[in-house]
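Observations on the model geometry
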Amino acid sequence: SRSMSLYQKLVLEVEVGGSPVSEVTWYLNEEQIIADNERHIRKEGTHSLLVIPALKREDSGQYAVKAVNEAGEAVSVANIFVEEEETPPPRPPDPVLEWEDTDTRSDSPTTSSTTAGRELGPES
């Protein structure tokens, strides 16, 4: 039994051996799974994979894979429970902006300027 989060990716994989080559069928709650846009079934060498990119609540249940050939059959089962997050992840706190008061002016505006002054007159 395995708990999974909503929208998490599920990959179930089984290795199938034997001769002659087995026909592999995947089931959810005893109903055959047909590959579509939401459920992908792949064969890679002797491995068969069932991939569900984004789990939904209705994907909860008993998954089974059955391999059948002339010699017989084998079944493997896994129980998957898809649970919603009880609460969304906590949001980070809003930033606190602290302004440093670098203004040293007093309440009454004053101006200070330094200019070199000389008397204006006729140039010599």
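Look a little higher up for the structure.
Below is a summary of the structure that appears in this document. (Residues numbered from 1 in each chain as written. Predicted model: local features only at pLDDT ≥ 70, side-chain atom pairs only at ≥ 80, totals over all residues. Heavy atoms only, no water.)

On to the side chain of serine 22. Relative to the helices and strands, serine 22 resides in the loop between β2 (10–15) and β3 (23–28). Look at serine 22 and you get buried, because its relative accessible area is 13%. Not counting residues within four places of it along the chain, the set of residues in contact with serine 22 comprises Val16, Gly17, Ala67, Val68 and Asn69. (Helix = DSSP H or I, 4+ residues; strand = E, 2+ residues; numbered from the N terminus. Buried < 20%, exposed > 50% of the residue type's maximum accessible area, 1.4 Å probe, protein only. Contact = heavy atoms within 4.5 Å.)

Further remarks concern the pattern of salt bridges. Scanning all chains against the criterion turns up four salt bridges. Note that glutamate 38 is salt-bridged to lysine 56, the shortest N-O span being 2.8 Å. Separated by 18 residues along the polypeptide, glutamate 38 in the loop between β4 (31–32) and β5 (40–44) and lysine 56 in the loop between β6 (47–52) and β7 (61–69) bring together distant segments of the chain. Given a relative accessible area of 44%, glutamate 38 falls into the partly exposed group. (Salt bridge = Lys/Arg side-chain N within 4 Å of Asp/Glu carboxyl O.)

Sheet topology note: the β3/β7 ladder contains six bridges and is antiparallel. Looking at the pairing, tyrosine 27 lines up with alanine 64 of β7. Two elements, β3 and β4, share two bridges in a ladder whose sense is antiparallel. Residue pairing for β4: tyrosine 27 is matched across the bridge by glutamine 32. Counted along the chain from β3 to the antiparallel partner β4, the turn is two residues long, and its residue asparagine 29 has a positive phi close to 50°. (Pairing = 2+ DSSP bridges.)

On to the sheet that holds β6, then. Spatial strand order, β2-β6-β5: three strands in an open sheet with antiparallel pairing. Taken across any chain shown, the strands that pair with only one partner, and hence form the sheet edges, are β2 and β5. Taking each pair of neighbouring strands and ignoring which way they run, the sheet shows an average axis angle of 20°. Pairing geometry for β5 and β6, over five bridges, is antiparallel. Counted as the bridge partner of lysine 43 is serine 48 from β6. (Axes fitted to C-alpha atoms, helices over the stretch in contact; angles between N-to-C directions.)

With an omega of 0°, the peptide bond running from serine 19 to proline 20 counts as cis. You can see proline 20 is positioned in the loop between β2 and β3. Despite not being glycine, asparagine 29 has its phi angle at roughly 50°, a positive value. Structurally, asparagine 29 can be placed in the loop between β3 and β4. Even without being a glycine, glutamate 30 presents a positive backbone phi close to 70°. By the secondary structure assignment, glutamate 30 is in the loop between β3 and β4.

Honestly, that's just the spatial picture; any functional story needs more than this.
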